[in-house]
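# Close look at the chain arrangement
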Amino acid sequence: LNCWSESFGICFYALQNYIIGAFKPACNISITFSDGKTRKQVPLKKENGQTAMVPLFQSQENIAGKISIEPVQGKKVEHNGIKVELLGQIEMYFDRGNFYDFTSLVRELDVPGEIYERKTYPFEFSTVEMPYETYNGVNVRLRYVLKVTISRGYAGSIVEYQDFMVRNYTPPPSINTSIKMEVGIEDCLHIEFEYNKSKYHLKDVIIGKIYFLLVRIKIKNMDLEIRRRESTGSGANTHVETETLAKFELMDGAPVRGESIPIRLFLSPYELTPTHRNINNKFSVKYYLNLVLVDEEDRRYFKQQEVTIYRLADTS
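The structure displayed is predicted, hence computed values, not measured ones. (Residues numbered from 1 in each chain as written. Predicted model: local features only at pLDDT ≥ 70, side-chain atom pairs only at ≥ 80, totals over all residues. Heavy atoms only, no water.)

### Some words on the sheet that holds strand 1 (residues 27-33)
- Strand order in the open sheet made by the three strands is 1-4-9, with antiparallel pairing throughout. Either end of the sheet is taken by a strand with one partner, and the two such strands are strand 1 and strand 9 (119-125). Each strand axis lies, on average, 20 degrees off the axis of its neighbour in the sheet, ignoring direction. (Pairing = 2+ DSSP bridges. Helix = DSSP H or I, 4+ residues; strand = E, 2+ residues; numbered from the N terminus. Axes fitted to C-alpha atoms, helices over the stretch in contact; angles between N-to-C directions.)

### Quick look at the nonpolar core
- With 65 residues, the main nonpolar core has F164, Y195, I210 and L291 as its most contacted residues.
- Not counting residues up to four positions away in its chain, the partners in contact with Y195 are S178, I179, Y200, I206, I207, G208, L224, I263, L289 and L291. (Core = buried A, V, L, I, M, F, W, Y, C linked by side-chain atoms within 4.5 Å. Buried < 20%, exposed > 50% of the residue type's maximum accessible area, 1.4 Å probe, protein only. Contact = heavy atoms within 4.5 Å.)

### Let's talk about the pattern of salt bridges
- Enumeration according to the criterion identifies 15 salt bridges in this entry.
- E91 is the salt-bridge partner of R141, the closest N and O atoms lying 2.8 Å from each other. Pair noted here: R141 is in strand 11 (residues 140-150) and E91 is in strand 6 (residues 82-92), with a separation of 50 residues, a long-range link. Each member of the pair, R141 together with E91, is buried.
- Between R227 and E225 there is a salt bridge; the shortest N-O distance is 3.0 Å. Just as R227 is buried, E225 falls in that class too.
- Residues joined by salt bridges that share partners form a network here, namely D35, R39 and E61. (Salt bridge = Lys/Arg side-chain N within 4 Å of Asp/Glu carboxyl O.)

### Concerning unusual backbone geometry
- Not every positive phi belongs to a glycine, and Q60 is a case in point at roughly 75 degrees.
- By the element assignment, Q60 lies in the loop between strand 3 (51-57) and strand 4 (63-71).
- Here T127, not a glycine, exhibits a phi torsion of approximately 40 degrees, which is positive.
- Its place among the elements puts T127 in the loop between strand 9 and strand 10 (135-136).

### Observations regarding the packing of aromatic side chains
- Going through the model one piece at a time under the given rule, you end up with nine aromatic pairs.
- With centroids separated by 5.6 Å and ring planes inclined at 90 degrees, the aromatic side chains of F102 and Y144 adopt a geometry described as edge-to-face. Taken together, the residues F102 in strand 7 (residues 99-110) and Y144 in strand 11 connect sequence positions 42 residues apart.
- Judged by relative accessible area, which is 19%, F102 ranks as buried.
- For Y144, a relative accessible area of 0% translates into the label buried.
- With a centroid separation of 5.3 Å and 55 degrees between ring planes, the pair formed by F193 and Y195 is classed as tilted. (Phe/Tyr/Trp six-rings, centres within 6.5 Å; stacked < 30°, edge-to-face > 60°.)

Spelled out as structure tokens, the structure:
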């Protein structure tokens, strides 16, 4: 009985190792960029919540490098062809796993055959059009990825991914008008506010002033908020998510008629992205300056104004 038990244990152990081995990849795939040692690396939050450092590109750049495929010791890799794809994809979180490709380029690396030892393939995608920036939002993400596929029949294809990030830069706008508006509650409150510009780059400073023309309610405090509004989907299926990214106290206490309050808000400490308008008919990201007044009975009065955020060259 003991011998039978020992034999059964050995067989079970062998079977377990066979099953584990059957699900191990037949080879290791590595993707390297030709300028990987000199190109700027930036953090990218992955789907699993972890952060990885990935290379940074912008539209119209060349993306080139090498792909190495090394069979696991003692194995060979039979395949029906090897290819690399450069993909720009949008994924809606309510439809996880389904990607909408707005960029799709393919390079065939090898014809059907067998790989017995480490093999390296160069690749290049020249002056790639990457019109949209990488974006990770509340309900949507836009990503760029290199996808290597070793096609196999019954054994199942082997796939490896390499993310990279894209940022695109905008020159300063030739026209950047100030924002001037009046807000009032009849016979109770009348204020004017002014912002120096309507378009701001990511490291800019919002400068403005608020004038109190009529004050007949007891205002306790006043704040300026930066809000990001992400819209996904379309029509009846549109979903809007609003985040308050910054809250800056402008005033603590009651103002009097004729008083003016200066505004000076630096944008660099906040995690902003450029404004995205109707990206591939899938999503939009807009920014608003929200002026909030709170009276002594905790009633809130607010006025919201959309502003454009852009990425100026040489800003991170």
